[in-house]
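# Observations on chain architecture
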Amino acid sequence: APWGFICGYPTTNGDLYGGGHYLSSAAESLTVQGKAIRNAVIVFAGEGEGTLPFSCCKRGFIPFVDGERKYACHLHDQSRKKRVLKDGYGAKEVNLGEIWTACKSDKDHAKQVE
């Protein structure tokens, strides 16, 4: 995930995110994705923990695609959008409005990454 965003949509199966496998391979302190993984583990599992307490989607997430706001990766976008519009954000979930405002558009964000 070149922008440092991971989908994170909870899944019913799959391996847990975090721990030595993902953090060491994602270069936890060196890459944006590594930092994103570590931050997610701290928020949802707690400081000192190494793994999220649930399995989640590990695909990259781009906040804008062709100027359209996205809620998750291409597989989970509509499910998350439907839930957020109906129920709002969860207690530990990042309000995507903050990300959309920070990124403004895919073109602006792409310029920041170059």
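Rules used throughout
Residues numbered from 1 in each chain as written. Predicted model: local features only at pLDDT ≥ 70, side-chain atom pairs only at ≥ 80, totals over all residues. Heavy atoms only, no water. Helix = DSSP H or I, 4+ residues; strand = E, 2+ residues; numbered from the N terminus. Buried < 20%, exposed > 50% of the residue type's maximum accessible area, 1.4 Å probe, protein only. Contact = heavy atoms within 4.5 Å. Salt bridge = Lys/Arg side-chain N within 4 Å of Asp/Glu carboxyl O. Arc of directions from axis to C-beta. Phe/Tyr/Trp six-rings, centres within 6.5 Å; stacked < 30°, edge-to-face > 60°. Core = buried A, V, L, I, M, F, W, Y, C linked by side-chain atoms within 4.5 Å.

### Quick notes on the overall build of the protein
When helices and strands are counted, the protein shows 5 helices and 4 strands. When the helices and strands of the protein are placed in sequence order, the string is β-α-α-β-β-β-α-α-α. Buried positions account for 33% of the 114 residues belonging to the protein. If you take every contact in the protein between residues at least 6 apart in sequence, the share linking residues at least 24 apart comes to 59%.

### A short note on the pattern of salt bridges
Across all of its chains, the model carries 4 salt bridges by this definition. Residues glutamate 68 and lysine 70 are paired through a salt bridge, measuring 3.6 Å at the closest nitrogen-oxygen approach. The class of lysine 70 is buried, set by a relative accessible area of 18%. The salt bridge involving aspartate 77 is made with lysine 70; its shortest N-O contact spans 3.9 Å. Relative accessible area serves as the criterion here: at 5%, aspartate 77 is assigned to the buried category. What you see here is one network of salt bridges that share partners, running through Glu68, Lys70 and Asp77.

### Examining helix α3 (residues 77-87)
Along α3, the positions that sit buried rather than exposed are Asp77, Arg80 and Val84. Summarising the axial view, the buried residues of α3 lie within an arc of 75°, below the 170-degree limit, and thus occupy one face. Among the exposed residues of α3, those pointing more than 90 degrees away from its buried face are Gln78, Lys82, Leu85, Lys86 and Asp87. Phi turns positive, to about 85°, at glycine 88, one or two residues after α3.

### Examining the packing of aromatic side chains
According to the stated counting rule, one finds 1 aromatic pair in the structure shown. Pairing tyrosine 71 with tryptophan 100 gives two aromatic rings, centres 5.1 Å apart and planes at 80°, and the pair type is edge-to-face. Note that tyrosine 71 is positioned in the loop between β4 (68-69) and α3 and tryptophan 100 in helix α4 (residues 96-103), a separation of 29 residues in sequence. There is no split in this pair, since tyrosine 71 and tryptophan 100 are both buried.

### Topic: the nonpolar core
Grouped together as the largest cluster of nonpolar side chains are 9 residues: Phe5, Phe61, Phe64, Tyr71, Val84, Leu96, Ile99, Trp100 and Cys103. The element contributing the most residues to this core is α4, with 4 residues. With sequence-adjacent residues up to four places away left out, leucine 96 is seen in contact with Phe61, Lys70, Tyr71 and Tyr89.

### Here we look at unusual backbone geometry
The phi dihedral of aspartate 66 falls on the positive side, at around 50°, and the residue is not glycine. Structurally, aspartate 66 is set in the loop between β3 (64-65) and β4. Residue class for aspartate 66 comes out exposed when judged on its relative accessible area of 74%.

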